Number of protein chains: 4
Amino acid sequence: MDKTERNSVWSSRRKALFEVIFETDTPAGRTFDICLIVAIVISVLVVMLDSVSTVRTRFGGALNALEWFFTIVFTIEYGLRLWCVGNRRRYAASFFGVVDLLAFAPTWLGLLVPPVRYVLIIRLLRVLRIFRVFKLAQCLGEAQALMRALAAGRQRIFVFLFAVLTLVVIIGATMYLIEGPDNGFTSIPTGVYWAIVTLTTVGYGDISPQTPFGQFLASLVMILGYAIIAVPTGIVTVELARSDKKTPPTSRACRHCGRRAHDADAAFCKYCGGRL
Amino acid sequence: MDKTERNSVWSSRRKALFEVIFETDTPAGRTFDICLIVAIVISVLVVMLDSVSTVRTRFGGALNALEWFFTIVFTIEYGLRLWCVGNRRRYAASFFGVVDLLAFAPTWLGLLVPPVRYVLIIRLLRVLRIFRVFKLAQCLGEAQALMRALAAGRQRIFVFLFAVLTLVVIIGATMYLIEGPDNGFTSIPTGVYWAIVTLTTVGYGDISPQTPFGQFLASLVMILGYAIIAVPTGIVTVELARSDKKTPPTSRACRHCGRRAHDADAAFCKYCGGRL
Amino acid sequence: MDKTERNSVWSSRRKALFEVIFETDTPAGRTFDICLIVAIVISVLVVMLDSVSTVRTRFGGALNALEWFFTIVFTIEYGLRLWCVGNRRRYAASFFGVVDLLAFAPTWLGLLVPPVRYVLIIRLLRVLRIFRVFKLAQCLGEAQALMRALAAGRQRIFVFLFAVLTLVVIIGATMYLIEGPDNGFTSIPTGVYWAIVTLTTVGYGDISPQTPFGQFLASLVMILGYAIIAVPTGIVTVELARSDKKTPPTSRACRHCGRRAHDADAAFCKYCGGRL
Amino acid sequence: MDKTERNSVWSSRRKALFEVIFETDTPAGRTFDICLIVAIVISVLVVMLDSVSTVRTRFGGALNALEWFFTIVFTIEYGLRLWCVGNRRRYAASFFGVVDLLAFAPTWLGLLVPPVRYVLIIRLLRVLRIFRVFKLAQCLGEAQALMRALAAGRQRIFVFLFAVLTLVVIIGATMYLIEGPDNGFTSIPTGVYWAIVTLTTVGYGDISPQTPFGQFLASLVMILGYAIIAVPTGIVTVELARSDKKTPPTSRACRHCGRRAHDADAAFCKYCGGRL
């Protein structure tokens, strides 16, 4: 076997491997991706369980072994991906390339700095491949529709957030002045934290106004929050409704000019004026 | 009386009983169903009251007697249903068949395993028959409209839930790293639980960030939750609005063919093409 | 002065008084109503302040005197209303008639049963007259629009509430079985209370799941609550939008047939097909 | 140099300074505004950090020095603004004029009354100039669209708030009667505070019903809050949708007159009547 032949063999192997790892249309690629997703979900569960002290005390060894098993599997997989992909730099710099790297790197780093390993939870992002595997293209379409709706309302949301942040700092400082450190409002940042907890209607109750005047002001803030929470909902709803309108459900063609995209209840063609 | 005659008598009795138990149009069937619903509601209240320790101490005997009374009534009723229904297997395997069985079986099982009996609360599902009894067909229509709206937004909701779950696991793990077990975040699952409690704006306050950086991150999560809570509302609203358009409220009849259900602003009958 | 004359004098006095008390178009009636509303608001504030123990200790005598002053004023006013109104029975049985009676009766009853007097807060309902006084007819129109929107969504809201109640009882019983009395879920009704507190995203935190499985289930309930809270919002929004459509903003008339109520962007009359 | 010449020199200096301070189109004006915004944000952070006791203990001196630095800078800036602006009284009485004054006055007042200085947080409002600097005119347009939507729903919101306030006072008084001071409902105002905390779904949990009947009533209030929170959302959504219809997103130009801003489905130019 001379060098050229060997190169050609390797090249075809790389191509075959590429199809298994990166493609999802072939049975082998599909099987590989499903195994990968199962492995990712199990490995994330292992990391989560490992953080529960009672479980770690009892099954620490087994979890550790599993963790290293998945780390080595993901390391090898990453190496194979790098080897068989066409443009290595582009893959390594892509979103999934970085996530694939972060899926095992922390375990190795964890040998040096222990707490770093919980960063492994970022592995979960790899599961986003699930959309590609199960042909959830339409789901992705839906997600993009959601994203577009949010993006279209971007400026409104920005203005809204800016106003909320200004409001929240001023409310927080006011409550700090009124309630003071004795009632839990230890500083202005704490007051701002309280204002956010209240305006978003989360309401932990770890800090709550104690003086009558503070409670009166808090009541005003809550009723204000009532109106405020209505705004992003309204923005998103309107954007979603608008994006829906752009892709009309009917597709009747005009008899006269043949054009489509008429309203569901149009009686006349809006392009040529002919009766539909 | 020979055998055939006896069979015929029994057959007509079964038919009469079937009309009482399963039909709702006859006066007897209606009365039976109303009695049944009253019995179900009372028996559910008995189970609920029985769980209150002060009530059980004082009226335990009476509640127990009532419980057995209803159990025996429902057992007999189930037997009669099985006897008079045409296709026994299909009834026993249907939703209401299973619920009817679960309405009394736990009391008998409770003789062996005490806590099982509170499962009796599932009896409440039998009350869903109420829609059939009171001719709340339109209500069912409304429920179906709601269901259809939710089903139409199914994919969007699925994508949304998937994104929220991924987000929540990553936020939970981050907060676990920042706050640590000393501040109540005892494990990553606890962190995830906190993230869900916060993002949904429930905010119990049993776990809440204590460190300044944790509170800063929690604030970001809450403001994020602001935007996120707007999404399902927007989806449901748009779907409801769309489903409304498809079932117009007007009921003009066409002069030419007499058919109804035209769009509110239709100029021509969509069935016969005549001018409205 | 003979009897008939006296009667006629009294009759004209009754008429004059009726105009002052019941009418709002005359200057006297307007002045009377404004004084009345000020008196009502002050008397409600007096009742509220009277319930604050520190205030009662210091100003108890003054508050008590004020309370009796307002009670006597409202009693006399009620007597005058009864005297000068045309149909006494109808007024006494009307909404405002009952509220007017409840505005002073509890103080007299309070001589016998002390705590009854806080029921006086119901006086506040008398302030609803404010809409009539300040010609807030349009506001009333808006309120009626809201009411109509809610009424139109009545069946949907009923079905929704019924489903939520069934759900809440079953969730509450399940959590009672899982968490048990040791973790605060002392009975099934308590569990139902917790389920309502959680599903509505209020989240007091006075009762919260402690066991891991309980927290897992609570997370599911919260995410469910996410979807559920979207439903009434969607219903109300759609109903409001629909009621808006019924009163279109444009009022262009068709040149050919003279009819109105065209869509803002209609190019052809939808009644006669002529160009607008 | 005679007096007129000197006046003219000063006048041109004032004009140049005006362009730097008040204009944003020139490079100098732009640079000035960006520096100003950076200074404002830093000074607000200084005030916030100064309120944190641990930070104040360690860096109190530095923060104090920075505070005085910014105060003197803002004082000089205010003086220059007053000097170079055309109509001094109008500027001083305008929104930004008052905010500019409040941005440094509290520090000087703080020499006399210490806690007053935290009012400096109001400086943050100066950052609203950011919209002007970064040509966020469209954002301002969006903000105005939001404002107009809220203003259009003004009467509905007013009626809604009035109803909520009446409801909240009556619920608060009822809960005070049921729960009483022993369970945290120390007075009717406290009850009203609780009712607002509950209806807005904030739910601190600092006050929560303890008696079974109180919990039952609280459950009703929460489910009511469910319906109520849907109302402002519905109002804002409908108003936003309506305001969107009035300002269409398309920008087709008319072939005949070249004007734009036609409705998305207009068949004829609304300015010249030509076919689009």
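Residues numbered from 1 in each chain as written. Chains lettered and ligands numbered in written order. Predicted model: local features only at pLDDT ≥ 70, side-chain atom pairs only at ≥ 80, totals over all residues. Heavy atoms only, no water.

A.B. asks: I would appreciate a short explanation of the overall build of chain A in the present structure.
C.D. replies: Assigned secondary structure in chain A consists of eleven helices and zero strands. The N-to-C order of helical and strand elements in chain A reads α-α-α-α-α-α-α-α-α-α-α. Counting over 276 residues, chain A shows a buried share of 45%. Considering only contacts within chain A whose residues lie at least 6 apart along the sequence, 53% involve residues at least 24 apart. Accessible surface computed for chain A: about 13,700 Å², of which carbon and sulfur atoms make up 66%. (Helix = DSSP H or I, 4+ residues; strand = E, 2+ residues; numbered from the N terminus. Buried < 20%, exposed > 50% of the residue type's maximum accessible area, 1.4 Å probe, protein only. Contact = heavy atoms within 4.5 Å. Areas by Shrake-Rupley, 256 points an atom, 1.4 Å probe, with all protein chains shown as cover.)

A.B. asks: Sorry if this is basic, but what is going on with the packing of aromatic side chains here?
C.D. replies: Think of a pair of aromatic rings as described by two things: how far the centres are apart, and how the planes are tilted against each other in angle. Scanning the model with the defined rule gives 32 aromatic pairs over all chains in all. Taken together, F69(A), F70(A) and F74(A) form an aromatic cluster joined through their ring pairs. (Phe/Tyr/Trp six-rings, centres within 6.5 Å; stacked < 30°, edge-to-face > 60°.)

A.B. asks: Honestly, a nonpolar patch on the surface in this entry has me stumped. Any pointers?
C.D. replies: Residues and elements named next belong to chain A. Taken together, the side chains of I72, I76, L80, W108, L109, L111, L112 and V113 define a hydrophobic patch exposed on the protein surface, amounting to about 780 Å² of accessible area. Of all the secondary-structure elements, those providing two or more residues to the nonpolar patch are α3 (53-84) and α6 (105-110). A per-element tally of the nonpolar patch places α3 first, with three residues. For I72, the location among the structural elements is in helix α3. (Patch = residues over 30% accessible without salt bridge, like charges linked within 9 Å, V, L, I, M, F, W, Y side chains within 5 Å. Salt bridge = Lys/Arg side-chain N within 4 Å of Asp/Glu carboxyl O.)

A.B. asks: Got a minute to help me understand helix α5 (residues 95-102) of chain B in this structure?
C.D. replies: Each full turn of the α-helix corresponds to 3.6 residues, which orients residues three or four apart in the same direction. All buried positions along α5(B) are accounted for by G97(B), V99(B) and D100(B). Taken end-on, α5(B) shows its buried residues confined to a sector of 165 degrees, consistent with a single buried face. (Arc of directions from axis to C-beta.)

A.B. asks: I keep staring at the pattern of salt bridges and nothing clicks. Help me out?
C.D. replies: A side chain of one charge can pair with a side chain of the opposite charge if their charged atoms are brought near each other. All names here are of chain B. Within this structure, the stated rule accounts for eight salt bridges over all chains. One salt bridge connects R81 with D100, and the closest N-O pair in it is separated by 3.8 Å. Within this pair, whereas R81 is found in helix α3 (residues 53-84), its partner D100 is found in helix α5, the two being separated by 19 residues in sequence. One exposure class covers both R81 and D100, and it is buried.

A.B. asks: Any chance you could explain the domain arrangement of chain A here in plain terms?
C.D. replies: Many structure descriptions define interface size as the accessible area lost when the parts assemble. When cut into domains, chain A gives domain 1 (3-135) and domain 2 (152-243). Taking the mean C-alpha position of each, domain 1 of chain A and domain 2 of chain A sit 42 Å from one another. (Domains from an automatic or database assignment.)

A.B. asks: Looking at this structure, I do not really get the packing of helix α2 (residues 27-50) of chain C against helix α3 (residues 53-84) of chain C. What am I missing?
C.D. replies: When two helices pack together, their arrangement is given by the angle between the helix axes and by the axis-to-axis distance. All names here are of chain C. Contact pair α2 / α3: the axes reach a minimum separation of 9 Å and the direction vectors enclose 145 degrees. The chirality of how α2 crosses α3 is left-handed. Of α3, the residues touching α2 (which contributes F32, L36, A39, I40, I42, S43, V46, V47, L49 and D50) are V55, R56, L63, L66, E67, F70, F74, E77 and R81. Residues that form the contact of α2 with α3 fall into these classes: 13 nonpolar, one polar and five charged. (Axes fitted to C-alpha atoms, helices over the stretch in contact; angles between N-to-C directions. Left-handed = near helix turned anticlockwise from the far one by under 90°. Nonpolar A, V, L, I, M, F, W, Y, C, P; charged D, E, K, R; others polar.)

A.B. asks: Mind showing me how you'd approach the environment of A151(A) here?
C.D. replies: Structurally, A151(A) can be placed in helix α8 (residues 137-152). Put simply, A151(A) and E239(A) are 88 residues apart on the chain and 9.1 Å apart in space, counted from C-alpha to C-alpha.

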